[in-house]
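Next come the chains, spelled out residue by residue.
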Amino acid sequence: MSNTKEKNRNLGIDILCCLGTMMLLGLSFFKVIGFAEVPIESYMAALPLAARWFCLSGAMVLAAGTGFVMSSRKYSASYFKILIRLVYIYLTGSACSLIIRIFLLQEEMTVPDVIQSFFSFTTSDAGIFVGMYFGLLLAAPFLNAAFHDLGQKRARLTFLVLTTLFSTLQPMLIIGGVTVIPEWCKYLFPVAAYIGGAYVKRYLKRRRDVVFMIIFLIALCASQTAVVLALSMAKGVMYCPWLDSIASLPCLCIALCLVGIFRSRKEGSGAAHRFFGGAAGGALSALMLGDPLLGCLLPALEERFPDISMRLWAGFGVIPVLFILCVAVGLILQIPLLAIRNTIRSYRNADEEPEDASDDGDIEDADESEEDSDETNIPDEEVIFEEAEEEEPAPRATLSLPPTYTQPLPQASENSSRHTITVPVVQPEMTVKLTQPPAEKPIGVHEVDLPETPPKKPSPPPTPQPPKDYTLDDILSEQGIPVKHMPDSVDDLIAELTK
């Protein structure tokens, strides 16, 4: 049976993605209320200018967060699942956005305009960021391959620097009203932010790096706010052409600093991780529904806060509430998709379960036993020993070899199963005997265990006899040589000789 595995989430990055979406909604809010035409005459405008300039980094934050999350993913089925879910969210969110614009905001749109808006990502003013996100998601496998194939840290840093120079410096390098770098390079800024997020995940892991990022972020925000405020007060309105772009270098620096600050050291699957993971998953719906809903809320805000400065302060509370509302609508719209996915998964799990499998579900052992049963032929140069099952003994191959022809067993390879041992032997000296199991006995015949034969008693050792004094006659008689009687004395010898 299949066990569902909970996905681990990086809590800090999920929170950062939600923050990046709210930053883009804040940028739309500044546009809806007409902040660009507000006269700037005092230093009290520093906070709204800093907030608007900070919101310009929202697209970079989303791209860097995507690079942090997607850089470690492989090109597999999960990639297509994410793509299908995002396409579904885009289609449903765009449909809801068009309904609000046509029926509530009374915008005139023809059928061709409606169809074209789906393909050109113009169903809402923030649709350009949705198109950017889809393009970045489609390029993610190629960017991951390019980033990871560069084995050294210096090569990856060079890749990041080059993409940054071509994308973020384009709106800043203006000489005599002419841009030095072509305009199309500006649209490479999501790639630079994606590579930056992957680089931060790979190398910036020390605590002192986070402290440095916090200090650098505060100094960068303060300096840029001072520059924008000084130029705007000189003009009387908001003015800073070389920084008023989402593709500017300070925006990329802010995004990378936020990724390094918000990243969590450990991933998890707790309640907080699932909550913010769902909120980050519904951020795309917030981009699609945010602009139409802001258009619906604008008359009420103008009536409630006639002064534009008060509407600016009210935006700090409107944007989070609007984000939560859009995310809730997006999650509700995903219910049919989740129902279809769960139905397909249940049917797939039902088809994968074997009919006669036990609760343990050792499907792999069953497949291996089938493969073992097919191995009936013994090759000429190899002898295969098959392990017999405990319940049903199978025929076994026994091998008798002279000790001079035996060879050590080789190590098991990847292709050999755990039930097979391959022994190379010398073929002329090989004798194989196959022992078949005993045939079944007829009914009524039973095996009887006979008593064992008692061991033979050892015979007592022979009784030792005393040594015997052997003479020459005894030795010659034992050898079968005839021996004549010798006289006992000289007189007897003379008498014998004189006979």
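This structure is a prediction, so every number in the text was calculated from the model and none was measured.

1. Observations concerning the overall build of the protein chain
And then number 1: A tally of regular secondary structure across the protein chain gives 17 helices and six strands.
And then number 2: The buried share among the 499 residues of the protein chain stands at 33%.
And then number 3: Looking at the protein chain alone, contacts between residues at least 24 apart form 81% of all its contacts between residues at least 6 apart.

2. Remarks on the environment of Y199
And then number 1: Tracing the backbone through its elements, the reader meets Y199 in helix α8 (residues 189-203).
And then number 2: Once the C-alpha coordinates of Y199 and A64 are considered, the two residues, 135 residues apart in sequence, prove to be 9.7 Å apart.
And then number 3: Contact partners of Y199, with chain neighbours within four places excluded, come to F147, K153, L157, L160 and L204.

3. Some points on the side chain of T164
And then number 1: As for its placement among the helices and strands, T164 is situated in helix α7 (residues 153-168).
And then number 2: Residue classification places T164 among the buried positions, given a relative accessible area of 11%.

4. Quick look at the pattern of salt bridges
And then number 1: Enumeration according to the criterion identifies three salt bridges in this entry.
And then number 2: We note a salt bridge from D14 to R9, for which the minimum N-O separation is 2.9 Å.
And then number 3: Taking relative accessible area as the criterion, D14 reaches 4% and is therefore assigned buried.
And then number 4: Measuring nitrogen to oxygen at the nearest pair gives 2.9 Å for the salt bridge that ties E107 to R101.
And then number 5: Residue E107 is classed as partly exposed on the basis of its relative accessible area of 31%.

5. As for the packing of helix α1 (residues 11-32) against helix α2 (residues 46-55)
And then number 1: It is the contact of α1 with α2, at a shortest axis distance of 8 Å, that shows an interaxial angle of 125 degrees. Considered as vectors, α1 and α2 are oriented oblique to each other. Pair α1 / α2 crosses with left-handed handedness. Residues M23, G26, L27 and F30 of α1 pack against P48, A51, R52, F54 and C55 of α2.
And then number 2: When its residues are assigned to classes, the contact of α1 with α2 shows seven nonpolar, one polar and one charged.

6. What to know about the packing of aromatic side chains
And then number 1: Tallied over the entire structure, the rule returns nine aromatic pairs.
And then number 2: Taken together, a centroid distance of 6.1 Å and an interplanar angle of 20 degrees make the contact between F212 and F216 stacked. You can see F212 and its partner F216 sitting in helix α9 (residues 207-235), four residues apart, about one turn around the helix.
And then number 3: For F216, a relative accessible area of 33% translates into the label partly exposed.

Basis of the calculations
Residues numbered from 1 in each chain as written. Predicted model: local features only at pLDDT ≥ 70, side-chain atom pairs only at ≥ 80, totals over all residues. Heavy atoms only, no water. Helix = DSSP H or I, 4+ residues; strand = E, 2+ residues; numbered from the N terminus. Buried < 20%, exposed > 50% of the residue type's maximum accessible area, 1.4 Å probe, protein only. Contact = heavy atoms within 4.5 Å. Salt bridge = Lys/Arg side-chain N within 4 Å of Asp/Glu carboxyl O. Axes fitted to C-alpha atoms, helices over the stretch in contact; angles between N-to-C directions. Parallel < 35°, antiparallel > 145°, perpendicular 65-115°, else oblique. Left-handed = near helix turned anticlockwise from the far one by under 90°. Nonpolar A, V, L, I, M, F, W, Y, C, P; charged D, E, K, R; others polar. Phe/Tyr/Trp six-rings, centres within 6.5 Å; stacked < 30°, edge-to-face > 60°.

Read these as layout, nothing more, since geometry by itself doesn't imply function.
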